[in-house]
Amino acid sequence: MSDEVKKGLLGIVVDETTISQVMPDINSLTYRGYAVQDLCEKCNFEEVAYLVLNGELPNKNQLKKFKNQIEKNRNISINLREIVKHMPKKSHPMDVARTIVSVLGLEDKETNDNSPKANMRKVIRIFAKTPTAIAAFFRARKSKKIIPPKKNLSFAENFFYMCFGKVPNKDIVKAFDVSLILYAEHSFNVSTFTARTITSSLSDIHGAITGAIASLKGPLHGGANEEVMHMMNKIKKPDNALKWINNALKKKEVVMGFGHRVYKKGDSRVPTMEKYFKKVSKINGDKKFIKIYDIVKSVMIERKNIHPNVDYPTGPTYHLMGFDTDFFTPIFVISRITGWSAHIIEQHAANKLIRPLSKYSGPDHRKVMLLNQR
Ligand code: CMC
């Protein structure tokens, strides 16, 4: 057995998956064989969520049934609403999000049933209730009245409604819907691998998703969309952008929203999200962020050959939609619950305990000295 260390599991293939892949010939992320950009133009988020979870796009009846199940499960318990209301207002919403899923696990009668059918029922509940609880915290921490979910609104519309009390125009909703589609799934990324690792000990779905949320929070993963916004706020205006990025590169800083472990020639989700970022900027009459965006991007590509990832356009898009910066990654969560869940179900179906090896580099064998001899 080789004892070569592959830090970060770089280049290691650990399992098979039928859920998604980055297809080299078309340099595109595909869900169950469909290119994401194709899905964004022809489907809404609910159809894509169904696809990720079930393997096929739904027909009209299947979609109707799926949407009904989600709508029926959107309400959260009084207990969870009170917990969210009493969370410290300064808590990071990602910490709140992982606590929400953990509490959902405490309340769920089927928590310890890992059968495929029970798991799918739990997925529907987690998928439907988590946005409600996250939106409740969005309002509660501003001491605003919590708005319960509304039936007959799409997943995206309902999230806007619960956060702001109204649904914006259809182009803004479409841009948000597209971001949810693009965030839904991405093979063995850190959070998904975390979820699969937790599942591999035959633990439950709520625990696996709670762990995945903690993993997504980090700025090298989902937390990057928030960091992009902090960066843009530091830059302040387009006139500062060139100097700022040149200085960051001189200091060898990591520029958030750029680079990717898998994509080295550009993230296939970026052109689609960029198109909708530009639409939202136009609707808002904002030119500042798009100008900063373009300057930083062109310097990163020209000087470093490092391309933006999907978090680069989603950050300013969510800002222009009115979301607080620390809510950007929780939005990622409400979408990625679909991908994580599909992977958890796949892992359960052909489980093998995930337990890699390490190369020991600590002290040599030594004898324990009694306390009074140390
Ligand atoms: N800014 C500056 N330099 C970079 C960046 C960046 N964003 N990304 C990579 N590099 C450089 C890095 O310094 C290294 O240079 P050198 O070989 O001279 O040491 C080289 O490119 C290879 O980078 P790496 O960090 O070894 O590559 P990795 O595959 O381990 O890391 C990454 C991938 C995403 C962690 C990294 O690109 C990064 O830290 N990016 C910024 C955070 C970010 O935007 N994360 C979101 C990832 S995608 C969507 C998601 O998961 O949410």
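So, how was this worked out
Residue numbers run consecutively from 1 along every chain, following the written order of its sequence. Residue-level local features of this predicted model are given only where pLDDT is at least 70; pairs of side-chain atoms are given and counted only at 80 or more, and the full residue set underlies all totals for whole chains, interfaces and linings. The side-chain quantities take in all heavy atoms of the structure and omit both hydrogens and water. Elements are defined by DSSP. Helices are runs of H or I of four residues or more, strands are runs of E of two residues or more, and each kind is numbered from the N terminus. Only protein chains enter the calculation, and the probe is 1.4 Å; a residue is then buried if its accessible area is under 20% of its type maximum, exposed if over 50%, and partly exposed in between. Between N or O atoms, a polar contact is any pair within 3.5 Å; within protein, one atom must be a potential hydrogen donor and the other a potential acceptor, and residues adjacent in sequence are included only when both atoms are from side chains. Contact criterion: two residues are considered in contact whenever any of their non-hydrogen atoms come within 4.5 Å of each other. Cavity and pocket criteria rest on a 1 Å grid covering protein atoms alone: a 1.4 Å probe that fits but cannot get out defines a cavity, protein on both sides within 12 Å along at least 5 of 7 lines defines an open pocket, and an atom within 4 Å of a point defines a lining residue. Grid points are joined across faces, edges and corners, and a volume is the space filled by probe spheres set on the points. Classes in brief: Ala, Val, Leu, Ile, Met, Phe, Trp, Tyr, Cys and Pro nonpolar; Asp, Glu, Lys and Arg charged; the others, Gly included, polar. Definition used for salt bridges: Asp or Glu carboxyl oxygen within 4 Å of a side-chain nitrogen of Lys or Arg. Two strands are counted as paired when DSSP detects at least two bridges linking them. Think of a nonpolar core as a cluster: buried Ala, Val, Leu, Ile, Met, Phe, Trp, Tyr and Cys residues, connected wherever their side-chain atoms sit within 4.5 Å. Residue ranges labeled as domains rest on an automatic or database domain assignment. How far a helix is expected to stretch is found by multiplying one less than its residue total by 1.5 Å. Throughout, near means a residue has at least one heavy atom within 4 Å of the molecule or strand. All accessibility values rest on the Shrake-Rupley procedure with a 1.4 Å probe; residue burial counts only the protein chains present in the view. Between rings of Phe, Tyr and Trp, where Trp is taken as its six-membered ring, a pair exists when centres lie within 6.5 Å; planes separated by under 30 degrees are stacked, by over 60 edge-to-face, and by other angles tilted.

Now for the side chain of T192. Within the secondary structure, T192 sits in helix α9 (residues 190-200). On the basis of relative accessibility, which here comes to 0%, the residue T192 falls in the buried class. There is a polar contact of 3.0 Å between the side chain of T192 and the side chain of N189. Not counting residues up to four positions away in its chain, the partners in contact with T192 are S187, R336, W340 and H343.

Taken as a whole, the largest pocket encloses approximately 1,400 Å³ of empty space. Within the residue set of the lining of the largest pocket, elements represented by two or more residues are β1 (20-23), α9 and α16 (328-349). With three residues, β1 is the single largest residue contributor to the lining of the largest pocket. A per-class count over the lining of the largest pocket returns 22 nonpolar, 16 polar and seven charged.

As a rule of thumb, non-glycine residues mostly have phi less than zero, and peptide bonds are mostly trans rather than cis. The backbone of S187 sits at a positive phi, close to 45 degrees, despite the residue not being glycine. Considering the arrangement of structural elements, one finds S187 in the loop between α8 (170-183) and α9. Its identity as a non-glycine residue notwithstanding, K252 has a phi of 55 degrees, on the positive side. With respect to the helices and strands, K252 occurs in the loop between α12 (238-250) and α13 (270-284). Residue K252 is classed as exposed on the basis of its relative accessible area of 75%.

Where charged atoms from two side chains of opposite charge come close, those side chains can pair. A complete count under the given rule lists 17 salt bridges for this structure. The salt bridge involving R125 is made with E110; its shortest N-O contact spans 2.8 Å. Of this pair, R125 sits in helix α6 (residues 116-140) while E110 sits in the loop between α5 (93-107) and α6, and the two are 15 residues apart along the sequence. Here E110 falls in the buried class, since its relative accessible area comes to 17%. Among the charged side chains, a salt-bridge network with shared partners connects D108, E110, R121 and R125.

Here β1 pairs with strand β2 (residues 28-31) via four bridges, running antiparallel. From the neighbouring strand, V22 faces β2, where its bridge partner is L29. Turn length for the β1-β2 hairpin, with the two strands adjacent in sequence and antiparallel, is four residues, and the turn residue N27 shows positive phi of about 40 degrees.

Formed by 106 residues in total, the largest nonpolar core has its most connected members in Y31, F159, F176, I209, V296, M321 and F323. Looking at this core, the element that brings in the most residues is α6, giving 12 residues. Formed jointly, this core draws a minimum of three residues from each of two domains, domain 1 (20-220 + 329-349) and domain 2 (224-321). In this structure F176 touches A156, F159, F160, Y318, M321, F323 and I331, once residues within four positions along its chain are discounted.

Taking 1.5 Å per residue as the helical rise, helix α14 (residues 288-304) with its 17 residues ought to reach 24 Å, and the 24 Å between its terminal C-alpha atoms agrees with that figure. Within α14, burial applies to F289, I290, I292, Y293, V296, K297, V299 and M300. Contacts made by the buried residues of α14 are with α11 (224-235), α12, α13 and α15 (311-321). Trailing α14 by a residue or two, N305 shows a phi angle of about 55 degrees, which is positive.

Applying the stated criterion to the full structure yields one cavity of 30 Å³ or more. The computed volume of the largest cavity comes to approximately 40 Å³. Elements with a minimum of two residues in the lining of the largest cavity: α6 and α7 (155-164). The element that contributes the greatest number of residues to the lining of the largest cavity is α7, accounting for four residues.

Glancing now at the site of the ligand. Around the ligand, 20 residues are found, and the nearest of them are H221, V255, F258, R261 and D311. For the ligand, an oxygen atom lies 2.8 Å from a polar atom in the backbone of G257. Between D311 and the ligand, the recorded distance is 2.6 Å, taken from a side-chain N or O atom to an oxygen atom. Protein chains shield 64% of the accessible area of the ligand, which is 940 Å² for the free molecule. Residue composition of the shell around the ligand, grouped by class: 10 nonpolar, six polar and four charged. Counting contributing residues, the shell around the ligand receives three or more from each of domain 1 (20-220 + 329-349) and domain 2 (224-321).

Throughout the structure, instances matching the rule amount to 24 aromatic pairs. Ring geometry for F159 and F176: centres 6.0 Å apart, planes at 5 degrees, overall stacked. With a gap of 17 residues between them, F159 in helix α7 and F176 in helix α8 connect regions that are remote in the sequence. Its relative accessible area of 0% is what places F176 among the buried residues. Three or more aromatic residues joined by ring pairs form one cluster here, namely F137, F138, F159, F160, F164, F176, Y318, F323, F327 and F328.

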